[in-house]
Amino acid sequence: MGADVTGPRERYRAQVRAEIKQRAWEQLATTGVSALSLKAIAEQLGMSGPALYRYFASRDELITALIRDAYRSLADALRTAADAGADVAGLAHTVRAWALDDPQRYLLIWGTPVPGYHAPDDTTAISAEIMATVVDAYRRRDVQPSGRRIEAHLDDHRGWAGDPTVPAAALRQALAFWTRVHGVLSLELAGHFADMGFDPALLFDDEIDDLLGR
């Protein structure tokens, strides 16, 4: 058995960083990301502002850590679902369950952009993992070409998909899936359906059925 290379200091640092992130998530749930305050988090944890900056050098660094965690959480949830045999509809419901489990986590990624914040490139890489799982699900469906202009366009603009062998028809369907899933979820989580009296879950199911031609 290999030796544990993580010492007490590293474990303590990881624990404090996790506590800071937990307080940040709690703050996001009440004030939103634009009002995220490291000073307030430090006070909650009983530490000084300068002490907290030893764990996260800036607000943007903390936001980046939260975004990475959110993307990784969804990527892992979709990968687990796909490995268990989930089809396109199963993946859609995995995304919805993940979003409803923690709406602020969802909105941090797909809600209103944080003013002045620019996510580093590695968050895009995790996002690409998520999309690759969706694209692979459509590849397995053996989607037939539709002759639509967007397919010819995607055939020449497929760098985002990673795998150059995926048929353009599958890419088109994957993009349609992504936009419609997030369209319904973004409106639902932002509260735009609250006073309309219908069940958003049924609307979501209907959108997925329509995508799959049911």
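These figures come from a predicted structure and were not determined experimentally.

Novice: Would you mind going over the confidence of the model for the protein chain with me for this structure?
Specialist: Keep in mind that low pLDDT regions are not for reading the predicted coordinates in detail. Taken over all residues, the pLDDT of the protein chain has a mean of 90, while the share at 70 or more is 98%. Mean pLDDT in the protein chain bottoms out at helix H3 (residues 49-52), which sits at 87, and peaks at helix H5 (residues 88-101), which reaches 96.

Novice: I tried to follow the domain arrangement of the protein chain on my own but got confused; where do I start?
Specialist: Many authors give the size of an interface as the accessible area that is lost as the parts come together. Annotation of the protein chain at the domain level lists domain 1 (1-56) and domain 2 (59-211). The interface of domain 1 with domain 2 comprises 14 residues on the first partner and 12 residues on the second. When the two sides are added together, the surface that domain 1 and domain 2 hide from each other amounts to roughly 1200 Å², 76% of it contributed by carbon and sulfur. Run the count over domain 1 and domain 2 and you get one salt bridge.

Novice: Hey, could you run me through helix H7 (residues 121-140) in this one?
Specialist: In an α-helix there are 3.6 residues to a turn, and that puts residues three or four apart on one side. In this model, H7 (20 residues) spans 29 Å end to end at C-alpha, consistent with the 28 Å of a helix rising 1.5 Å per residue. Listed in full, the buried residues belonging to H7 are Thr-123, Ile-126, Ile-130, Met-131, Thr-133, Val-134, Val-135, Ala-137 and Tyr-138. In this fold, the buried residues of H7 make contact with helix H4 (59-83), H5, helix H9 (168-189) and helix H10 (200-211). Where H7 ends, the next residue or the one after it, Asp-142, has phi of about 55 degrees, a positive value.

Novice: What am I meant to see in unusual backbone geometry here?
Specialist: Peptide bonds are, in most cases, trans, and in most cases residues other than glycine have a negative phi. Although it is not a glycine, Asp-142 sits at a positive phi angle of roughly 55 degrees. With respect to the element layout, Asp-142 can be found in the loop between H7 and helix H8 (149-156). Under the relative-accessibility criterion, Asp-142 is labelled exposed at 54%.

Novice: Sorry if this is basic, but what is going on with the UniProt feature "domain: HTH tetR-type" (unreviewed entry) in the protein chain here?
Specialist: UniProt records the feature "domain: HTH tetR-type" (unreviewed entry) for residues 14-74 in the present numbering. With 74% helix and 0% strand, residues 14-74 has its two end C-alpha atoms placed 22 Å apart.

Novice: Is there a simple way to explain the environment of Ala-86 in this structure?
Specialist: Mapping Ala-86 onto the fold places it in the loop between H4 and H5. Taking C-alpha positions, Ala-86 is 31 Å from Pro-113, a pair spaced 27 residues apart along the chain. With sequence-adjacent residues up to four places away left out, Ala-86 is seen in contact with Ala-81, Leu-91 and Arg-140.

Rules of the game
- Residues numbered from 1 in each chain as written.
- Predicted model: local features only at pLDDT ≥ 70, side-chain atom pairs only at ≥ 80, totals over all residues.
- Heavy atoms only, no water.
- pLDDT = per-residue confidence, 0-100.
- Helix = DSSP H or I, 4+ residues; strand = E, 2+ residues; numbered from the N terminus.
- Domains from an automatic or database assignment.
- Contact = heavy atoms within 4.5 Å.
- Buried area = accessible area lost by both parts, 1.4 Å probe.
- Salt bridge = Lys/Arg side-chain N within 4 Å of Asp/Glu carboxyl O.
- Expected span 1.5 Å × (residues − 1).
- Buried < 20%, exposed > 50% of the residue type's maximum accessible area, 1.4 Å probe, protein only.
- UniProt positions renumbered as here; feature names shortened; annotations may be inferred.

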